Protein chains: 2
Amino acid sequence: MTNELKGVFSPVVTPFGRDLSINPGLYVDHCRWLLSQNCGLAVFGTNSEANSLSVSERKALLETLVENGLPPSRMMPGTGCCSLTESVDLTSHAVQLGAAGVLMLPPFYYKGISDEGLFRHYSEVIQRVGAERLRVYLYHIPPVAQVPITLGLIERLLRSYPGTVVGIKDSSGDWSNTKAMLDAFPGFGVFAGSETFLLKVMRNGGVGCISATANINPARIHELYLNWQSPRAETLQTELDLVRAAHVKYPMISALKATIEVFSGESTWSNLRPPLTELGKPDARALALELRNLRFEMPGLSITRDRT
Amino acid sequence: MTNELKGVFSPVVTPFGRDLSINPGLYVDHCRWLLSQNCGLAVFGTNSEANSLSVSERKALLETLVENGLPPSRMMPGTGCCSLTESVDLTSHAVQLGAAGVLMLPPFYYKGISDEGLFRHYSEVIQRVGAERLRVYLYHIPPVAQVPITLGLIERLLRSYPGTVVGIKDSSGDWSNTKAMLDAFPGFGVFAGSETFLLKVMRNGGVGCISATANINPARIHELYLNWQSPRAETLQTELDLVRAAHVKYPMISALKATIEVFSGESTWSNLRPPLTELGKPDARALALELRNLRFEMPGLSITRDRT
């Protein structure tokens with residue numbers, strides 16, 4: 001088992017027009033900007049509102065990225081659905097387009113699911129996709145999915161699918177769980193679920209982070225990723241934490257979109273698909289003010305925008 | 001607002017072959033048998049493993065039922081997905097096929113969702129489907145979906161979409177919640193989420209139940225529905241409770257399928273799609289024994305099977 005992806009990835013936020021349709025131009029631009037900031041594309045994550053998109057919308061959007069010349073080697077699309085058949089469909093599609101890996105939620109409708117059931121699900125997906133170059137990253141996000149990926153499940157998947165199941169994103173927010181994964185499975189690609197744990201994860205053998213706030217603060221997160229062994233590392237971590245703290249006071253996706261709206265000048269960025277809702281104006285203003293006080297910037301974003 | 005559907009409905013369990021593909025013949029047969037027992041078809045519910053099916057599988061299966069002459073006037077398909085676009089797609093499709101109503105889960109991936117966000121979601125679906133004869137039944141099942149339908153949300157939907165939002169299935173398992181709905185919204189079609197609350201719900205102005213165990217015990221549940229005002233009602237309720245109690249000891253869908261396997265003699269009935277798993281043999285045997293002791297039967301099931 002060798003993890004092949006590392007560094008900083010963003011679950012890319014999805015821009016919608018006033019009619020709630022996807023704006024592909026704005027999306028491609030945001031992806032380009034993220035790449036320019038050394039940030040990989042974990043498209044179709046929780047913060048992408050991926051589960052608010054249909055399977056066909058997700059496939060079309062991934063094709064758009066590839067057609068626009070964005071490198072699949074920097075992509076880790078989310079492909080885990082509640083249904084086996086749709087997970088297979090999305091995963092096969094991502095592999096065919098050359099995605100370096102896929103980030104796979106467990107099926108999340110039923111609760112209290114056994115490890116045996118989850119093993120069978122991942123197993124069926126892997127066997128049906130049947131691709132030598134499939135690289136699966138498990139997605140542990142119990143606060144949202146409510147269906148955990150346990151250490152026992154990981155162990156069983158690693159035994160059955162070495163070289164295919166190669167890593168995990170741990171969005172439990174529970175450092176002791178991340179640490180247990182790092183200790184139990186050397187060589188397994190453990191990504192922190194946010195930059196909050198980036199320094200800790202790197203010091204303990206992890207490979208990076210996949211973080212919501214990498215949508216807005218990618219370069220500085222990457223700076224910590226590169227310099228985790230430098231004397232500046234603690235200071236860098238503290239600076240990252242301040243920017244993240246400004247956002248976590250609000251519903252995360254709404255806050256990210258509000259920030260991108262401010263720095264890109266593109267007002268439709270604040271749109272979300274129901275059931276999510278945009279930040280109210282007072283919250284958006286308070287967030288913008290706090291970011292100004294932190295001297296926060298999104299360098300190069302407006303230049304990218306002018307190009308569209 | 002006038003509820004149009006009433007009585008006993010079953011969230012029809014879905015039969016899978018050994019390769020986990022849907023067995024349409026067995027499915028049509030089970031639906032026919034349910035109708036013969038005075039049970040309506042709430043296809044694509046939680047107990048149908050509907051979220052383990054793709055959108056295209058659900059559409060094809062509903063078309064199969066209609067092509068086989070089963071009456072859409074007795075159908076209430078589940079059409080609520082995480083994504084707005086797929087909920088619209090499935091709902092439009094069900095309306096086009098003539099379904100009497102749809103049972104609509106809230107989008108269930110994100111947790112801690114506001115009533116405003118859920119209102120916008122339902123509102124968008126209703127407006128995009130844009131059909132005069134759409135009848136929406138809300139689906140409140142917080143133990144599984146983890147996203148509740150509050151009284152405040154119902155009130156707002158009823159005000160905005162009278163004649164379209166006409167009822168609810170309350171699978172909270174919390175009688176005080178069902179009672180609050182019955183009291184707050186006279187004329188609103190409140191279905192109990194199981195026959196456990198059927199007598200109570202009928203005595204308080206409800207319209208019936210949509211129950212997992214209606215897959216196996218439909219005629220006797222219907223008997224209580226018809227006779228809730230008779231002196232026998234309490235006895236009937238107690239008898240129903242015993243059959244249900246035999247199943248709720250186990251994961252419900254697995255138990256239902258084990259029972260149908262026994263009484264139909266069709267061994268593939270026990271298959272489930274991952275992440276769900278079949279009952280172990282000792283549990284299946286214990287369940288069968290308990291049902292035998294209760295003199296439980298599924299009259300007519302084998303006759304239906306012979307016809308296929």
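Just so we're clear, the structure is a prediction, and the values are computed from it rather than from any experiment. (Residues numbered from 1 in each chain as written. Chains lettered and ligands numbered in written order. Predicted model: local features only at pLDDT ≥ 70, side-chain atom pairs only at ≥ 80, totals over all residues.)

Caption draft 1: Expanded view of the overall build of chain A. Within chain A, the secondary structure is distributed over 13 helices and seven strands. Against the globule reference of 19 Å for 308 residues, chain A gives a C-alpha radius of gyration of 18 Å, in line with a compact fold. Viewed in the frame of its principal axes, chain A has a C-alpha envelope of about 50 × 45 × 35 Å. Here chain A holds 308 residues, and the buried ones make up 54% of them. In chain A, the proportion of contacts linking residues at least 24 apart, taken out of those at least 6 apart, comes to 70%. (Helix = DSSP H or I, 4+ residues; strand = E, 2+ residues; numbered from the N terminus. Rg over C-alpha atoms; globule rule 2.2 N^0.38 Å. Buried ≥ 20, exposed ≤ 12 C-beta atoms within 10 Å, placed from the backbone. Contact = placed C-beta atoms within 7 Å.)

Caption draft 2: Layout of the pairing of strand S6 (residues 189-192) of chain A. All names here are of chain A. By the alternation rule, side chains of S6 split into Gly189 and Phe191 and Val190 and Ala192, which are all buried. Two elements, strand S5 (residues 165-170) and S6, share four bridges in a ladder whose sense is parallel. Bridge assignment links lysine 169 to a residue of S6, and that residue is phenylalanine 191. Between the parallel elements S5 and S6, the chain passes through helix H7 (residues 175-184) in a crossover that is right-handed. Pairing between S6 and strand S7 (residues 208-210): two bridges, direction parallel. Bridging across to S7, alanine 192 finds its partner in cysteine 209. (Pairing = 2+ DSSP bridges. Right-handed = clockwise from strand over helix to strand, strands pointing away.)

Caption draft 3: Inspection of the nonpolar core at higher detail. Grouped together as the largest cluster of nonpolar side chains are 202 residues, with contacts concentrated most on A:Met76, A:Tyr137, A:Leu198, B:Met76, B:Tyr137 and B:Leu198. In this structure B:Leu198 touches B:Ala192, B:Cys209, B:Ile221, B:Leu224, B:Tyr225 and B:Gln237, once residues within four positions along its chain are discounted. (Core = buried A, V, L, I, M, F, W, Y, C linked by C-beta atoms within 7 Å.)

Caption draft 4: Main features of the relation of the copies chain B and chain A. Overlay of chain B on chain A (RMSD 0.0 Å): rotation 180°, translation along the axis 0.0 Å. Between the two chains, the operation in question is that of a two-fold axis. Residue B:Tyr109 of chain B places its C-alpha closer to the rotation axis than any other residue of that unit, at 4.0 Å. Comparing contact sets, 100% of the residues at the interface of chain B also lie at the interface in chain A, consistent with an isologous, same-surface contact. (Least-squares fit on C-alpha atoms with pLDDT ≥ 70 in both.)

Caption draft 5: Spatial organisation of the pairing of strand S5 (residues 165-170) of chain B. Residue and element names in this part refer to chain B. For S5, the buried fraction is high: six of the six residues fall into the buried class. Where strand S4 (residues 136-140) and S5 come together, five bridges link them in parallel fashion. Bridge assignment links tyrosine 137 to a residue of S5, and that residue is glycine 167.

Caption draft 6: A look at the interface of chain B and chain A. The partner chain A presents 33 residues to the 33 residues of chain B that form the contact. Element by element, the count of residues in the side of chain B that touches chain A is highest for helix H4 (residues 115-129) of chain B, at six residues. Of the residues that constitute the side of chain B that touches chain A, the class distribution is 16 nonpolar, 10 polar and seven charged. (Nonpolar A, V, L, I, M, F, W, Y, C, P; charged D, E, K, R; others polar.)

Caption draft 7: Examining the sheet that holds strand S2 (residues 39-41) of chain B more closely. All names here are of chain B. Judged by pairing direction, the sheet is parallel, and its seven strands sit side by side in the order S2-S1-S7-S6-S5-S4-S3 without closing on themselves. Looking at the sheet topology across the chains shown, the edges are occupied by S2 and strand S3 (102-104). Across this sheet, the average inter-strand angle for adjacent strands is 30°, counted without regard to direction. (Axes fitted to C-alpha atoms, helices over the stretch in contact; angles between N-to-C directions.)

Caption draft 8: Highlighting the sheet that holds S5(A). Residue and element names in this part refer to chain A. Taken in spatial order, the seven strands line up as S2-S1-S7-S6-S5-S4-S3 in an open sheet, and their pairing is parallel. Two strands bound the open sheet, and with one partner strand each, they are strand S2 (39-41) and strand S3 (102-104). Strand-to-strand twist of the sheet, defined as the mean angle between neighbouring strand axes without regard to direction, takes the value 30°.

Caption draft 9: Fine view of unusual backbone geometry. Cis geometry marks the peptide bond from A:Pro274 to A:Pro275; its omega dihedral reads 15°. Although it is not a glycine, B:Phe44 sits at a positive phi angle of roughly 65°. Turning to its location among the elements, B:Phe44 is positioned in the loop between S2 and helix H2 (55-67). B:Phe44 gets classed as buried once you count the C-beta atoms within 10 Å, which come to 29.

Caption draft 10: Quick look at the packing of H4(B) against helix H6 (residues 151-160) of chain B. Residue and element names in this part refer to chain B. Where H4 contacts H6, the two axes come as close as 10 Å, and the packing angle between them is 35°. Handedness of the H4/H6 crossing: right-handed. Contact with H4, carried on its side by Asp115, Leu118, Phe119, Tyr122 and Ser123, involves Gly152, Leu153, Arg156, Leu157 and Ser160 of H6 and no other residues of that element. Broken down by class, the residue content of the contact of H4 with H6 amounts to five nonpolar, three polar and two charged. (Left-handed = near helix turned anticlockwise from the far one by under 90°.)

Caption draft 11: View of the confidence of the model for chain A. For chain A, the mean per-residue pLDDT works out to 96, and 97% of the residues sit at or above 70. If you check the scores for this complex, the pTM reads 0.96 and the ipTM reads 0.95. (pLDDT = per-residue confidence, 0-100.)

Caption draft 12: Summary view of the environment of B:Asn177. Residue and element names in this part refer to chain B. With respect to the helices, strands and loops of the structure, asparagine 177 is situated in helix H7 (residues 175-184). Distance from asparagine 177 to proline 143, taken between C-alpha atoms, is 14 Å for residues 34 residues apart in sequence. If we skip the residues at most four places from it in the chain, asparagine 177 touches Asp170 and Ser172.

Caption draft 13: The arrangement of the environment of A:Ala233 in detail. Residues and elements named next belong to chain A. By secondary structure assignment, the location of alanine 233 is in helix H10 (residues 233-248). Since 18 C-beta atoms lie within 10 Å of it, alanine 233 is described here as partly exposed. For alanine 233 and serine 123, which are 110 residues apart along the polypeptide, the C-alpha to C-alpha distance reads 39 Å.

Caption draft 14: Fine view of the packing of helix H9 (residues 218-226) of chain B against helix H10 (residues 233-248) of chain B. Residues and elements named next belong to chain B. Closest axis-to-axis distance for the H9/H10 pair is 9 Å, and the angle between their directions is 155°. Overall, the two elements H9 and H10 adopt an arrangement that is roughly antiparallel. Note on packing geometry: the crossing formed by H9 with H10 is left-handed. Where H9 approaches H10, its residues Arg220, Ile221, Glu223 and Leu224 are matched on the opposing element by Ala233, Leu236, Gln237, Glu239 and Leu240. When the residues that make up the contact of H9 with H10 are grouped by side-chain class, the tally is five nonpolar, one polar and three charged. (Parallel < 35°, antiparallel > 145°, perpendicular 65-115°, else oblique.)

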